[in-house]
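Observations on chain architecture
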Amino acid sequence: KQEVTQIPAALSVPEGENLVLNCSFTDSAIYNLQWFRQDPGKGLTSLLLIQSSQREQTSGRLNASLDKSSGRSTLYIAASQPGDSATYLCAVRPSQAGTALIFGKGTTLSVSS
Amino acid sequence: NAGVTQTPKFQVLKTGQSMTLQCAQDMNHEYMSWYRQDPGMGLRLIHYSVGAGITDQGEVPNGYNVSRSTTEDFPLRLLSAAPSQTSVYFCASRRQKTKTSYNSPLHFGNGTRLTVT
């Protein structure tokens, strides 16, 4: 059974710091991996989607990498800002037909000014 | 575009009451789904649909019913609410129709916070 783990569960950094969030998964048979952001009391917003054939995706200050063989993904946030404070979740889409996204429990990021 | 719209935003029910959580999307997405989010448990799939008239169970379907009569709407029904169904419920959708849409991102609504007393 596919399991997705995110470590650490919480992270506090000062403004301006570069940081990395980690995501690991147990089964490499995936279509893609998706990173989401969730603000308190809100839904999830898709940040980046990396297809299984890709190594990384970039959007602004965000860079996500995927190493399917080792079952790992990282989300790199450059020059963090207080507005980046949120919970970040990763999810994998197994390549078995009919299966839904499997989510990690998230990393809650706090960026202080 | 409104995206995925969920109503209501908050709801309090008594044990045994029934209600329907509404979800509508205006992106013409074939795939729609319902998740619940609980502290320490993460997001778990309740039911999903790959098109009008087609629904299937997810990881935690007991106590919930769904139907999909149109592409736009995917309501979630609680037949007899229980305290264990206290949770935040999210509806999500994405394109599904072709092989290339396997890599379509999932779009979420803002959630319904349900409390069952």
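Structure's up top.
Now for a quick tour of the structure. (Residues numbered from 1 in each chain as written. Chains lettered and ligands numbered in written order. Predicted model: local features only at pLDDT ≥ 70, side-chain atom pairs only at ≥ 80, totals over all residues. Heavy atoms only, no water.)

**As for the overall build of chain B**
Quick note on the threshold: Secondary structure elements follow DSSP: runs of H or I of four or more residues count as helices, runs of E of two or more count as strands, with numbering from the N terminus. Atoms counted for the radius of gyration: C-alpha only. Globule rule: 2.2 Å times the number of residues to the power 0.38.
Each helix and strand counted, chain B has zero helices and eleven strands in total. Walking chain B from its N terminus toward its C terminus, one meets helices and strands in the order β-β-β-β-β-β-β-β-β-β-β. Computed over C-alpha atoms, the radius of gyration of chain B comes to 14 Å, within 12% of the 13 Å expected from 2.2 N^0.38 for 117 residues, which places it in the range of a compact globule. Here the C-alpha coordinates of chain B stretch approximately 45 × 30 × 25 Å along the principal axes.

**Here we look at the packing of aromatic side chains**
Threshold: Pairing of aromatic side chains here covers Phe, Tyr and the six-membered ring of Trp, requires ring centres within 6.5 Å, and sorts the geometry by plane angle: under 30 degrees stacked, over 60 edge-to-face, intermediate tilted. Here the term buried applies to any residue with accessible area under 20% of the maximum for its type, exposed to any over 50%, and partly exposed to those in between, with areas from a 1.4 Å probe on protein chains only.
Overall, the coordinates contain eight aromatic pairs over all chains when judged by the stated rule. With 6.1 Å between their ring centres and 80° between their planes, F103(A) and F108(B) make a pair best called edge-to-face. With one member in each of two chains, F103(A) in strand β10 (residues 102-103) and F108(B) in strand β10 (residues 107-108) form a pair that bridges those chains. Neither residue differs from the other here; F103(A) and F108(B) are each classed as buried.

**Focus on the nonpolar core**
Convention followed: Only buried residues count toward a nonpolar core. Its members are Ala, Val, Leu, Ile, Met, Phe, Trp, Tyr and Cys residues joined through side-chain atoms within 4.5 Å. Residues count as neighbours in contact if any of their non-hydrogen atoms are within 4.5 Å of one another.
Residues F25(A), L33(A), W35(A), L75(A), I77(A), Y88(A) and L109(A) are the most contacted members of the largest nonpolar core, which totals 22 residues. Every element with two or more residues in this core is listed here: β3 (19-25), β4 (30-38), β5 (44-51), β7 (62-67), β8 (72-77), β9 (86-94) and β11 (107-112) of chain A. Y88(A) has contacts with Q6(A), L21(A), F36(A), R37(A), L47(A), L75(A), I77(A), G106(A), T107(A) and L109(A), leaving out every residue within four places of it along the chain. In terms of nonpolar packing, the next biggest core, distinct from the first, is built from 19 residues, V66(B), L76(B), L78(B) and L114(B) among them.

**A short note on the state of the cysteines**
Residues and elements named next belong to chain B. What counts is decided by this rule: Put simply, a disulfide is two cysteine sulfurs that come within 2.5 Å.
In total, this model carries two disulfides over all chains according to the counting rule given. A disulfide bridge connects C23 with C91, and the sulfur atoms are separated by 1.9 Å. Disulfide C23-C91: the torsion about the S-S bond is -70°, which places it as left-handed. Of the two residues, C23 is situated in strand β3 (residues 19-25) and C91 in strand β9 (residues 87-94); the sequence distance between them amounts to 68 residues. There is no split in this pair, since C23 and C91 are both buried.

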